[in-house]
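Tertiary structure, described
So the chains spell out like this:
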Amino acid sequence: KRISGEDLDGMGGERVNRDTAIDIDKNIKEYVDTLPVNKSTYYIIIASGAGASGSLIGPLLTKALLSKKANVVTVVAGDSSNILNINNTINTIATYQKIVTTKGPSEAALSMIFYNNTVDGNTTPATEKLVNNRIYKMVVIMAMACSGHIQNIDHQDMNYFFRASNYRSLDIDPGLYTIGVS
């Protein structure tokens, strides 16, 4: 059974009910209120997309941060090993899309980096270890780019990358955009 609501879809299994999802959402909002939001603070949200807690917490955390106009990039690890995981991954991605295209404070252009725990490319088998290594390398690259210590990349460049829809001159519609970091 999946938790579905006005703005969320995720966290499969019998152990969770709608009240639990609402409590998680409330706790996330309270936590995000304690975090700094400024032009030189960047958030990389890494979450599973194949069901379970990451499929609920990732989108809710992203929504709360976007609502505060934070610099956010999401990393989703999906799974195509069976129909349930495929459907969960699709529904999780759709939830992110709904968050950023629904009129309101979280409306934005959101960059998403997607990895599949099952297939690398079209046919090459992947493993969680391979995907975890790729995510780790991507986080290192992003940390270096956001550090302010690379001569030709400053915070303004990274703000365009993280919050492109804030810049009217770019004319980027709110939505979910996939990016690659290598």
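Just above sits the structure.
In this report, the structure presented in the accompanying data block is examined. (Residues numbered from 1 in each chain as written. Predicted model: local features only at pLDDT ≥ 70, side-chain atom pairs only at ≥ 80, totals over all residues. Heavy atoms only, no water.)

**Regarding the side chain of Asn-116**
Position of Asn-116 relative to the elements: it lies in strand 5 (residues 109-116). Of note is the side chain of Asn-116, whose polar atom sits 3.0 Å from the side chain of Ser-80. Asn-116 has contacts with Gly-78, Asp-79, Ser-80, Ala-126 and Val-131, leaving out every residue within four places of it along the chain. (Helix = DSSP H or I, 4+ residues; strand = E, 2+ residues; numbered from the N terminus. Polar contact = N/O pair within 3.5 Å; in protein donor to acceptor, adjacent residues only side chain to side chain. Contact = heavy atoms within 4.5 Å.)

**As for the packing of helix 2 (residues 53-67) against helix 3 (residues 83-101)**
The axes of two packed helices give the description: the angle between them and the distance between them. As a packed pair, helix 2 and helix 3 sit with axes 10 Å apart at the nearest point and diverge in direction by 15°. Classed by the angle they form, the pair helix 2 and helix 3 counts as roughly parallel. Regarding helix 2 and helix 3, the two cross each other, and that crossing is right-handed. Across from Ser-55, Gly-58, Pro-59, Thr-62, Lys-63 and Leu-66 in helix 2, the residues of helix 3 making contact are Thr-92, Thr-95, Tyr-96, Ile-99 and Val-100. Grouping the constituent residues of the contact of helix 2 with helix 3 by class yields five nonpolar, five polar and one charged. (Axes fitted to C-alpha atoms, helices over the stretch in contact; angles between N-to-C directions. Parallel < 35°, antiparallel > 145°, perpendicular 65-115°, else oblique. Left-handed = near helix turned anticlockwise from the far one by under 90°. Nonpolar A, V, L, I, M, F, W, Y, C, P; charged D, E, K, R; others polar.)

**Description of the pattern of salt bridges**
Following the criterion strictly, the structure yields three salt bridges and no others. Note that Asp-25 and Lys-29 form a salt bridge whose closest N and O atoms lie 3.3 Å from each other. Residue Asp-25 and its partner Lys-29 are located together in helix 1 (residues 18-32), separated by four residues, close to a single helical turn. Residue class for Asp-25 comes out buried when judged on its relative accessible area of 17%. The partly exposed category is assigned to Lys-29, whose relative accessible area is 46%. One salt bridge in this structure joins Glu-107 and Lys-103, with 3.5 Å as the shortest N-O distance. When its relative accessible area of 24% is taken as the criterion, Glu-107 is described as partly exposed. (Salt bridge = Lys/Arg side-chain N within 4 Å of Asp/Glu carboxyl O. Buried < 20%, exposed > 50% of the residue type's maximum accessible area, 1.4 Å probe, protein only.)

**Structural notes on the nonpolar core**
Core analysis: the largest hydrophobic core is formed by 24 residues, its most contacted members being Ile-28, Val-32, Tyr-43, Leu-65, Val-72, Tyr-96 and Leu-110. Those elements giving two or more residues to this core turn out to be helix 1, strand 3 (42-48), helix 2, strand 4 (71-78), helix 3 and strand 5. Among the elements that make up this core, the one with the highest residue count is helix 2 (six residues). (Core = buried A, V, L, I, M, F, W, Y, C linked by side-chain atoms within 4.5 Å.)

**Describing helix 4 (residues 128-146)**
Taking 1.5 Å as the rise per residue, helix 4 with 19 residues should run 27 Å; its terminal C-alpha atoms sit 26 Å apart, in good agreement. Among the residues making up helix 4, those that are buried are Val-131, Ile-135, Met-138, Met-142, Ala-145 and Cys-146. The buried residues of helix 4 all sit within an arc of 85° when viewed along its axis, so they share a single face. Exposed side chains of helix 4 directed beyond 90 degrees from the buried face belong to Lys-129, Tyr-136 and Lys-137. Each element contacted by the buried residues of helix 4 is listed here: strand 3, strand 4, strand 5 and helix 5 (155-162). Looking one or two places after helix 4, you find Gly-148, whose phi comes out positive at around 80°. (Expected span 1.5 Å × (residues − 1). Arc of directions from axis to C-beta.)

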